[in-house]
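# Architecture and fold: a report
Each chain, letter by letter, is given below.
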Amino acid sequence: MTRILPWIYLAAAFVFIYLPVGTLVLFSFQDGQLPVPPFNGPSLRWYADVLGDTRLTAALGNSVLVAFISSLIAVSLGFLAAYGLARHVVPGSALVRGLLIAPLTVSYLIVGLGLLIVLTQAGLGLSLMTAGIGHVVINLPLAFAIIYAAMGAQQQNAERAARDLGANEAQVIVLVTVPMLAPAIGAAFFLSMTFSWDEFIIAFLLTRFDVTLPVEIWSMLRSGLSPRLNAIGSIVFLVSIAVVLILELLVFRKRQS
């Protein structure tokens, strides 16, 4: 019995996690107008409807664009901040680290409202660019924390050896530090992508006409439930699973070998 209990617990945990997603995917193939039992299908009509909707595909492209660019900027700035604070003596470095990480404890609503006031006063119109600025603000502390935690004595010793062999500072960063911190940098980038991809509050406050996918889904929810929403969620879920599997096959297995 003691051997069976862990497997029962594991199965219950997986059911608890994946049952909502499985239900969403199942009723995305609903042939009726509502994503509720009884199940009528299967049918691909809602997938065809979603992929043929220019507003949804544009919102999907906007989400990918904002997530990628904002994550790239956040990780670059986070790496530079982590490298500077970890490798150089800076007056009040503990305070600076605290200020960099502090936004992690602040509600996205507060951050979004503050950015809305600042950007409006600066004369910047609400757009995908302002949403990207907001996503950089919320993802920069995360990227900094992940990369800074990965900087240890091993990398520092390798950097010193490279300098002793004649490498300049740029060569040390590009050829030694970045490759050694690649797992942490990659983790920071993909987590930032995930948070930016799913983020709604800041994107809602800082966009107007060109919106991201979460904002477009919220607009659709105002008119009630629809299998179209299930189809959108299923596409996003399947794409996310595909990305994880590709990373597992191409990156992590390659590192293990």
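What counts, and at which threshold
Residues numbered from 1 in each chain as written. Predicted model: local features only at pLDDT ≥ 70, side-chain atom pairs only at ≥ 80, totals over all residues. Heavy atoms only, no water. Helix = DSSP H or I, 4+ residues; strand = E, 2+ residues; numbered from the N terminus. Buried < 20%, exposed > 50% of the residue type's maximum accessible area, 1.4 Å probe, protein only. Contact = heavy atoms within 4.5 Å. Areas by Shrake-Rupley, 256 points an atom, 1.4 Å probe, with all protein chains shown as cover. Phe/Tyr/Trp six-rings, centres within 6.5 Å; stacked < 30°, edge-to-face > 60°. Lys, Arg positive; Asp, Glu negative; His and termini not counted. Salt bridge = Lys/Arg side-chain N within 4 Å of Asp/Glu carboxyl O. Polar contact = N/O pair within 3.5 Å; in protein donor to acceptor, adjacent residues only side chain to side chain.

## A look at the overall build of the protein
Of regular secondary structure, the protein possesses 12 helices and zero strands. Secondary structure of the protein in N-to-C order comes out as α-α-α-α-α-α-α-α-α-α-α-α. With respect to the principal axes defined by its C-alpha atoms, the protein has extents near 70 × 65 × 35 Å. Counting every position in the protein, which comprises 257 residues, the buried fraction comes to 32%. Within the protein, contacts between residues separated by at least 24 positions form 72% of all contacts whose residues are at least 6 apart in sequence. Element-wise, carbon and sulfur atoms account for 72% of the exposed surface of the protein, whose accessible area totals about 15,300 Å².

## Comments concerning the packing of aromatic side chains
Applying the stated criterion to the full structure yields eight aromatic pairs. Ring centres of Phe 189 and Phe 190 lie 5.5 Å apart, and the angle between their planes is 80°; on these two criteria the pair is classed as edge-to-face.

## Remarks on the environment of Thr 212
Positionally, Thr 212 belongs in the loop between helix H10 (201-206) and helix H11 (213-221). Contact partners of Thr 212, with chain neighbours within four places excluded, come to Ala 59, Asn 62, Ser 63, Val 66, Leu 128 and Ala 203.

## Some details on the side chain of Glu 199
Inspection of the secondary structure assignment puts Glu 199 in the loop between helix H9 (182-198) and H10. With no salt bridge to any partner, buried Glu 199 finds its closest opposite charge in Arg 208, at an N-O distance of 16 Å. Polar side-chain contacts of Glu 199 include one of 2.9 Å to the backbone nitrogen of Ala 203. Here Glu 199 is in contact with Tyr 108, His 135, Ile 138 and Pro 214, once residues within four sequence places are set aside.

Keep in mind these numbers describe shape, not what the thing actually does.
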